[in-house]
Every structure is written in structure tokens, then in C-alpha cells.
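Secondary and tertiary structure notes
Below, each chain spelled out in residue letters.
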Amino acid sequence: MEGDQVEKMVLTKDGRKTAVDKECVGKENKSVESKVYMDYNATTPMAPEVIQTVTEAMHEAWGNPSSSYTAGRKAKEIINEARESLARMVGGRPQDIIFTSGGTEANNLVIHTALRHFRESRVLGQDGPGEDHKRAAGATPHFITSNVEHDSVRLPLEHLVKEHMAEATFVPVSKITGQVEVDDTIAAIRPTTCLVSIMLANNETGVIMPISELSQRIQILNQNRMALGLPRILMHTDAAQMIGKGQVNGQDLGVDYLTIVGHKFYAPRIGALYVRGPGVTSPLHPMLFGGGQERNFRPGTENTPMIAGLGKAAELVNKNCEDYEAHMKEVRDYLEERLEASFGKQRLHFNSQFPGAKRLCNTCNFSIWGPGLQGRMVLSHCKTLLASVGAACHSEKGDQPSSILLSCGIPYEVAQNALRLSVGRDTTKEDVDIIVEDLKQSVAQLEQNRVT
């Protein structure tokens with residue numbers, strides 16, 4: 001009898017399919033609404049396997065991982081297994097993985113490390129040869145990043161500049177490719193440059209940056225700098241958006257540091273930092289001091305259940321990444337075809353399609369031409385679609401167009417109408433059909449309101 005009552009499947013706000021009692025169908029139901037979630041670049045729901053792993057760890061591994069009794073040993077074992085899974089996911093070794101609270105902490109830890117390393121290198125190498133060395137000695141450390149970075153890179157650097165603790169160059173992305181050009185980045189290097197931090201893929205446009213090529217060029221420069229007694233340039237990439245959507249290998253990328261953000265690939269809101277040989281090959285200086293966990297690089301009693309979930313999510317990526325990528329690309333391409341068919345080529349502008357640049361498999365940033373069709377207005381009149389106009393951390397900026405899109409050369413009036421749709425592992429073509437119709441009715445309603 002109970003089975004007869006469940007007849008309708010709807011999408012909850014987190015994008016999951018949920019069975020609804022047939023008595024609720026047709027009635028006002030505020031707790032479960034039929035929605036299609038397409039904001040996976042902002043965050044992802046935890047995968048069912050991850051939820052199960054987190055729950056089991058809460059029950060079975062509640063002990064302090066530093067303790068010798070059974071629950072503590074179990075917690076330590078789970079943490080070690082998770083570390084191994086993350087290392088495999090990014091092409092490193094288990095000892096290269098440092099668990100953090102999230103991407104923001106990981107990025108700040110890299111910047112803090114580069115600052116400390118520059119100061120220590122300057123002190124140790126005060127008697128180095130060459131005029132370039134003399135200019136570096138006693139000077140202010142210099143950072144290089146792009147003008148489309150996440151706030152957790154941009155704001156710490158702006159703070160250091162404001163406090164006269166560092167200098168920073170924000171290299172503009174190309175208005176043709178949407179990428180940070182390697183030559184432009186290399187041209188910005190000074191004798192005092194200590195860190196280059198460029199994201200692996202942009203969260204709004206999906207454009208993938210040429211990190212491997214840039215790292216190769218910096219490695220050559222570092223060989224020359226050593227001979228001159230100049231500080232080594234460290235290389236960092238924030239891989240938050242790329243993991244789970246394409247292959248990520250720290251060794252192939254040639255970076256010293258790589259940021260991992262769990263909630264972008266169906267894991268809990270926790271993170272990690274890949275460091276190529278922490279404290280040996282690549283320096284790492286703690287921001288916190290405490291009980292000695294994470295080899296003193298990041299002390300604090302480990303959050304075992306969340307680390308377990310992060311490890312499980314990494315395991316899923318290790319097993320299924322190619323399938324995830326192929327599926328999301330197919331659905332994303334279908335979305336763009338349907339948008340073009342519905343609104344016409346003349347009226348639609350794809351803000352994430354740049355000639356010669358690769359992009360994330362799941363990201364579609366577009367604008368619908370027309371007065372009164374600002375992205376926020378269009379979304380506010382959608383009944384089904386859950387999406388955004390850009391990065392979630394910039395959602396308080398009202399009707400101001402995305403600074404990222406403007407930096408990429410998108411005209412102001414086009415950027416103002418932008419919508420960012422990012423599909424997930426379970427997004428279907430049927431979902432696409434539903435939200436395209438939703439967008440059509442939203443645009444029609446806005447246009448009708450202008451006439452009346």
C-alpha cells in the first residue's frame with residue numbers, strides 16, 4: 001500500500017531526485033519543490049557514498065587520532081587512507097597532502113609560506129653575487145597573480161600591499177583567449193618575485209589556464225636565479241574548479257602547491273593542500289601553532305569524519321573522472337545547442353567561449369541580449385532553475401556585472417545580462433529541456449512587463 005502512494009519524482013533544491021507522496025502532488029508543498037540545480041561551480045551536494053563514509057566515521061572513528069586505543073587507531077587509519085586517495089587524485093605522494101579547513105586556508109597558507117621563505121632566503125643569501133642580488137636583498141617580496149583570481153588569493157595579497165609588507169602584480173587576462181598569457185606573466189617577474197599564483201580553471205568562464213607551460217618557464221628562470229643568488233620563485237595553482245572535471249596532476253603541472261577544495265567535487269566542506277615535498281623540496285611554514293598534527297604544518301585535532309568524506313570523494317574521482325567529464329561535456333554542449341535554438345544566434349552571447357582556449361567540461365556562461373534582461377532579473381523570474389550570475393562569493397554586489405567577465409573583455413551591457421550555468425554528474429538532457437523552457441518564460445514575462 002505504501003508503495004502505491006509514492007508516484008512522483010521531483011528534484012530537491014540540491015539537485016537530488018526525491019520521491020514525493022502522491023497526496024502532496026498538486027498541493028502547495030514548501031519543503032520539497034521541483035527544481036533543477038545548475039550551480040555546481042558554486043558547490044556540490046555530497047555524493048551518497050561520501051555521506052555514508054562520513055556517517056560511519058562518526059560512529060566508528062570518534063576517537064582522537066593521536067590516541068593509542070582502538071577508536072583513535074581507527075581514526076588515524078581512516079585519515080591515512082584518505083591522504084593516499086587524495087595523493088593519487090593529484091599525482092602526488094601521501095606525504096605531500098596537508099589537510100586544511102578549506103580552499104581559503106590553503107591559499108592563505110601558500111601566500112604566508114612564500115612571504116616567510118623570501119625573508120629567510122634573503123637573510124641566508126645576503127652575501128650572494130651580482131647586482132640583481134643586491135636589489136633583492138633588503139627589498140619587499142613581490143607576488144604575481146592574475147586579475148581573475150578567487151578572493152582568497154586576491155584579498156590576502158591586497159592586504160599585504162596595503163600594509164607595505166609586499167608588492168603584487170595582477171596580470172590581466174587576454175581579452176582574446178580569456179587566459180593568463182605565459183609571456184605576460186614572465187614579463188612581470190622581478191628580482192624580488194617570490195610566488196606566482198594562477199588558478200587552474202576560472203570559476204565563471206571555465207577557461208583553463210596554461211599552468212604547465214608557465215611552470216616550465218619558471219623552472220628555467222629559477223636555475224638562472226640560483227646562480228645570481230636570487231630567491232626561488234614558487235609556483236601555486238588553485239585547482240578548486242578543475243578537480244572532478246578533468247585530470248589534475250601536480251607533477252605534470254610542475255607546481256610547488258596545489259589547492260584542493262572538497263565541496264567542489266561532492267565532498268564535505270573541507271580542503272587540502274598538495275605540497276611537492278613539504279619542508280624539503282618546497283617550503284611550508286605554518287600559520288598556526290599547536291599540538292603538532294599534520295607534521296606541525298597545520299596543527300589541530302583532525303576532523304576525522306570530514307577527512308574520511310574527502311578521501312571517499314577523491315576515490316570516486318580516481319575511479320570515474322573520465323566518465324564524469326564525458327557526461328558533463330555532453331550535457332553542457334546540449335545545453336548550449338538548446339539555448340541557441342531557443343533564443344537565436346543573434347540574441348545569445350556565450351561569455352565562456354574563447355578561441356584557442358580550453359574550458360571546463362561543465363561550464364556555460366552566457367547572456368541574452370535585450371533591455372531589462374539583467375541576469376539577476378531573469379533568474380528571479382525563473383520557477384525551476386537554480387543558478388547564479390557568477391561567483392557565489394560575489395553575490396552581494398547587486399546588479400553590478402561580473403568583474404571577471406569585464407576583465408575578459410566582455411562588454412558591460414553584455415556582462416550585466418550574464419548567467420552562469422554549471423552542470424553536474426547527474427544533470428540530464430531532460431533537465432536542460434526543463435530549464436531552457438523556464439528561461440524562455442522568464443524572458444517573455446520580463447519583456448511583457450516592459451511593454452505594459
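A brief structural summary. (Residues numbered from 1 in each chain as written. Predicted model: local features only at pLDDT ≥ 70, side-chain atom pairs only at ≥ 80, totals over all residues. Heavy atoms only, no water.)

1. Overview of the overall build of the chain
Helix and strand content of the chain: 14 helices and 14 strands. Here the chain holds 452 residues, and 53% of them are scored as buried. (Helix = DSSP H or I, 4+ residues; strand = E, 2+ residues; numbered from the N terminus. Buried < 20%, exposed > 50% of the residue type's maximum accessible area, 1.4 Å probe, protein only.)

2. Here we look at the environment of Ser367
Here Ser367 lies in strand E12 (residues 363-368). The class for Ser367 is buried, based on a relative accessible area of 2%. Sequence separation of Ser367 and Ala415 is 48 residues, and the distance between their C-alpha atoms is 7.0 Å. Apart from the residues lying within four places of it in its own chain, the contact partners of Ser367 are Arg347, Leu348, His349, Asn351, Val414, Ala415, Asn417 and Ala418. Within the structure, the side chain of Ser367 is placed 2.6 Å from the backbone oxygen of Val414, a separation counted as a polar contact. (Contact = heavy atoms within 4.5 Å. Polar contact = N/O pair within 3.5 Å; in protein donor to acceptor, adjacent residues only side chain to side chain.)

3. A word on unusual backbone geometry
Its identity as a non-glycine residue notwithstanding, Glu294 has a phi of 50°, on the positive side. Here Glu294 lies in the loop between strand E10 (271-275) and helix H10 (304-343). Under the relative-accessibility criterion, Glu294 is labelled buried at 6%. A positive phi is found at Arg295, a non-glycine position, where the angle reads about 55°. By the element assignment, Arg295 lies in the loop between E10 and H10.

4. Some details on the packing of aromatic side chains
Summed over all chains, the structure comprises two aromatic pairs. Relative to Tyr40, the ring of Tyr37 lies with its centre 4.8 Å away and its plane at 80°, an arrangement referred to as edge-to-face. In this pair, the class of Tyr37 matches that of Tyr40, namely buried. Here Tyr40 and Tyr266 contribute two aromatic rings whose centre-to-centre distance is 6.2 Å and whose plane-to-plane angle is 25°, an arrangement assigned as stacked. (Phe/Tyr/Trp six-rings, centres within 6.5 Å; stacked < 30°, edge-to-face > 60°.)

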